[in-house]
Each structure stands twice: as C-alpha cells, then as structure tokens.
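Single-letter residue listing:
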Amino acid sequence: MAEAKLPGEFELIARYFRPLAAASPAALALGDDAALIPAEADTEIVATADALVAGVHFLPEDPPDLIARKMLRVNLSDLAGMGARPLGYLMTLALPGEVTEDWLRRFAEGLAQDQKEFGIGLLGGDTTRTPGRTTLSVTALGQVRAGTALRRKGARIGDAIWVSGTLGDAALALRQLKGEVAVADAAAVRFLIERYRLPQPRLLLGQALVEARLATAGLDISDGLVADLGHLCAQSGVAALVEAQRLPLSAPVHTLLDLDPALIGTILGGGDDYELVFTADPAASEAIDALARGLRLAIARIGCIEAGTGVRVRDAAGCEIAVERGGYRHF
Ligand SMILES: [Mg+2]
C-alpha cells in the first residue's frame, strides 16, 4: 500500500512544528506573522543560514532524524565559531510530493532531541511543496555582548594557534563509507561515522573564549583545517604555520595515518570537523589549558601565526607537506 501523502500545511504546523516552538516563548506558538525576540541592551544578534539539498548534502535514504540533527548542529557550530549563545532557529522546508508523513515525523523527532540538548527552540519558518528535490534551510540566531564576537580578523603575528577536539574523524568516516579506506575495528568505524553524522558544536568553548577575551580570532572548521585557517589568515592579513605532529587525532585516525601517511591530506583538507580553530597570545596558554580542563574538551596548540599569506604545514622533520585540496567546495 502506498504511504499516505502529507496533510495540509496548517495540519503539519499543528502536528510537527508548533510542538517544536513550545520551547521558544519568542515564537508566540507560531500564532503570529513573525517571532518577537526580546532585545537585550549591549548585545548583538548573530545570524547564520545554511541550506541542504537532497542528493547534494544528504541522501534521500539517510535517517531523517540524523539529517535534522546535523542540519541544526552545523548552524550551531557557526554560532559557536562567533562565540555566540544560541537563541533559536527559523526553518524552511521545501518538500516534494514523495515525502511521507513518517519521514517528517522522524525529522521532527530529531529536531526535538537536539533542541533539548542545546536548549533552543523553533522560532518560525515555512513549509512549501516543490517540484524539485527536498530542500531544507535553517537560520540560527544567537547573541553576544556587543563588540566581543569572535571574528576571523584579529590574529596577530606571534600568536599561537589552537584547535579543539580531534581532526579528520568525519573526513575519514566518509572515505570509509565510500570504501576508500579500510578501518578494521568495528568500534572504530562506529566512532568515526558518529563523528561524521553528529558533529558537536563547540558552543561552550566559543562562549568561554569570548567571555574571557582570550582569542584574537577564530572560526569553526567546516571545510577542513587548512581551508578555514586560510580564511582566518586572509581576513587577518597574516600567514599560519601548522606543525603536523601536534594535530589532535583520535585513536582510529592515528591508526589509519600510521598505515598510510598520505592520509594527512584528508585530515588537513577534509571537511566536517566542526571543531573551533582560534588564535591567541602564547601567554594565554595556561588560561586556555584551564579552560580545556573546565570544559573537559581537548584543546591543542598546533602552530603559530607569522608574517605573509596562506597556511603552511610542516612535518616532524621540518619538511613542508603539500595539501592537495584546500577544503571542500560546493561549486
Ligand atoms: Mg563557519
């Protein structure tokens, strides 16, 4: 039997979206034309948007709850990269006729789960039919104290470079899924795929860096360390030198890299890490170590800012490593 088609828009709002808005008083229960967000004195609103298209950013057969959660987390990661505290999100869905109510229910369940995890709610949005592919768009809103947001510009010559968490897990998960690398251990495969499917936006780190005014510049890593650090360098008018042996790697990635040293290119150039990379005065080292302990999050010092342009990566012997791909590009 063919699955039931989607009910009408008002029914969809009542069934799936109004419950998601219950966590946001500003959403006015989706009963008005727009959300009303109380503006606090001396703050700035941080806004970021992202669109996902079926067949481009996810596969139609991917679990809908995971699509929803990754979509939300990727946007929250941009807020983290600016040091913002999240306020909520707006969401627009363009759905083709073949999307079922079961798909939408599981999609909404994924959103509900992560709303709880990150303490946010739906603020508004729109749902429409499309003759094309499923297209999902989220606009996440956050706030920072005016003038304190973490920016890509601000890095100074002599600053050190830090990165949170571990790098390369998601990029190697993708290569494992494509059959390009062989991870022998089942637990390691699970770990890598989890890192790919469910990135951890480093919101608390971003907020702490901003509150303590520790970082001179920073952003989240979505397109790969070399590409995103390159953006920071371009905006700051400086160059970066990264020491490959200092890169923070998970045990499964370490094992893979030992077997095939060429995978350093995937670790440096692959995307989807959603960690934060930031620069700070080397004198901030102890404060950053204390922050890492407080957040129970590894923060590794991986290199330094110098005069010039671009990002250089050096191995333990001091030889430069060429990174063949400067991050993932959609176009
Ligand atoms: Mg970003």
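Residues numbered from 1 in each chain as written. Predicted model: local features only at pLDDT ≥ 70, side-chain atom pairs only at ≥ 80, totals over all residues. Heavy atoms only, no water.

Focus: the coordination of the magnesium ion
Right, so step 1: Donor atoms from the polypeptide that coordinate the magnesium ion comprise D78 (OD) and D220 (OD), at 2.1 Å from the metal. Placement of the pair is D78 in helix α2 (residues 64-81) and D220 in strand β6 (residues 217-220), with a sequence separation of 142 residues.
Right, so step 2: With relative accessibility at 25%, the residue D78 sits in the partly exposed group.
Right, so step 3: Residue classification places D220 among the buried residues on the basis of a relative accessible area of 4%. (Donors = N, O, S within 2.8 Å, 3.2 Å for Na, K, Ca; no water. Helix = DSSP H or I, 4+ residues; strand = E, 2+ residues; numbered from the N terminus. Buried < 20%, exposed > 50% of the residue type's maximum accessible area, 1.4 Å probe, protein only.)

Let's talk about the pattern of salt bridges
Right, so step 1: The final tally for this structure, using the stated rule, is 17 salt bridges.
Right, so step 2: The salt bridge partner of R106 is D102, with a shortest N-O separation of 3.7 Å. Highlighted residues: R106 and D102, both in helix α3 (residues 101-118), separated by 4 residues, approximately one helical turn.
Right, so step 3: R106 gets classed as partly exposed once you look at its relative accessible area, which sits at 32%. (Salt bridge = Lys/Arg side-chain N within 4 Å of Asp/Glu carboxyl O.)

Quick word on the sheet that holds strand β5 (residues 160-164)
Right, so step 1: One open sheet holds the 7 strands; their spatial order is β6-β8-β5-β9-β7-β10-β11, and the pairing between them is mixed. This sheet does not close on itself; its edge strands, each paired only once, are β6 and β11 (320-321).
Right, so step 2: Sheet analysis places strand β7 (residues 239-243) next to strand β9 (residues 299-306), joined by 4 bridges and oriented antiparallel. What sits directly across from L241, in β9, is C304.
Right, so step 3: α2 rests against β6 and β8 (276-280) of the sheet, and its axis sits at about 175 degrees to β6. (Pairing = 2+ DSSP bridges. Contact = heavy atoms within 4.5 Å. Axes fitted to C-alpha atoms, helices over the stretch in contact; angles between N-to-C directions.)

Notes on the sheet that holds strand β4 (residues 135-145)
Right, so step 1: Taken in spatial order, the 4 strands of this open sheet run β1-β4-β2-β3, and their pairing is mixed. This sheet does not close on itself; its edge strands, each paired only once, are β1 (43-53) and β3 (122-129). Strand-to-strand twist of the sheet, defined as the mean angle between neighbouring strand axes without regard to direction, takes the value 15 degrees.
Right, so step 2: Inspection of the sheet shows β1 paired to β4 by 11 bridges, in the antiparallel sense. By the bridge assignment for β4, I45 is matched with Q143.
Right, so step 3: α2 rests against β1, β2 (85-95) and β4 of the sheet, and its axis sits at about 145 degrees to β1.
Right, so step 4: Contacts from α3 reach β2, β3 and β4, with the element oriented near 175 degrees to β2.

Focus on the confidence of the model for the protein
Right, so step 1: Predicted confidence across the protein gives a mean pLDDT of 93, with 96% of residues reaching 70 or more.
Right, so step 2: Per-residue pLDDT stays below 50 along residues 326-331; that stretch engages in 7 contacts with residues further than four places along the chain or on separate chains. (pLDDT = per-residue confidence, 0-100.)

Description of the packing of aromatic side chains
Right, so step 1: Taken as a whole, this structure holds 2 aromatic pairs when the rule is applied.
Right, so step 2: Judged by centre distance (6.0 Å) and plane angle (10 degrees), the rings of W162 and F278 are stacked. Residue W162 is located in strand β5, and its partner F278 is located in strand β8; the two are separated by 116 residues in the primary sequence. The same class applies to W162 as to F278, namely buried.
Right, so step 3: Over the aromatic face of Y196 sits the side chain of K70, whose NZ or CZ is 4.1 Å from the ring centroid. (Phe/Tyr/Trp six-rings, centres within 6.5 Å; stacked < 30°, edge-to-face > 60°. Lys NZ or Arg CZ within 6 Å of the ring centre and 35° of its normal.)

As for the side chain of R195
Right, so step 1: As for its placement among the helices and strands, R195 is situated in helix α5 (residues 186-197).
Right, so step 2: In terms of polar contacts, R195 uses its side chain to reach the side chain of E275, at 3.0 Å.
Right, so step 3: Those residues in contact with R195 that lie beyond four places of it in its chain are T166, D169, A170, R202, D273 and E275. (Polar contact = N/O pair within 3.5 Å; in protein donor to acceptor, adjacent residues only side chain to side chain.)

Considerations on the nonpolar core
Right, so step 1: Ranked by internal contacts, the top residues of the largest apolar core, which has 56 residues, are F17, Y89, M91, L104, F107, L111 and L136.
Right, so step 2: Among the elements that line this core, the one with the most residues is α2, at 7 residues.
Right, so step 3: Counting residues domain by domain, this core receives three or more from each of domain 1 (9-145) and domain 2 (160-321).
Right, so step 4: Excluding anything up to four places from it in sequence, L111 contacts L20, A68, M71, L72, Y89 and M91.
Right, so step 5: If you look at the next biggest cluster of nonpolar residues, it comprises 40 residues, including V226, V242, I264 and V313. (Core = buried A, V, L, I, M, F, W, Y, C linked by side-chain atoms within 4.5 Å. Domains from an automatic or database assignment.)

Some details on the pairing of β2
Right, so step 1: For β2 and β4, the ladder comprises 9 bridges, and the chain directions are antiparallel. Bridging across to β4, A94 finds its partner in T135.
Right, so step 2: Note: β2 against β3, 7 bridges, orientation parallel. Of the residues in β3, the one forming a bridge with T92 is D126.
Right, so step 3: Following the backbone out of β2, through α3 and into the adjacent parallel β3, one traces a crossover that is right-handed. (Right-handed = clockwise from strand over helix to strand, strands pointing away.)

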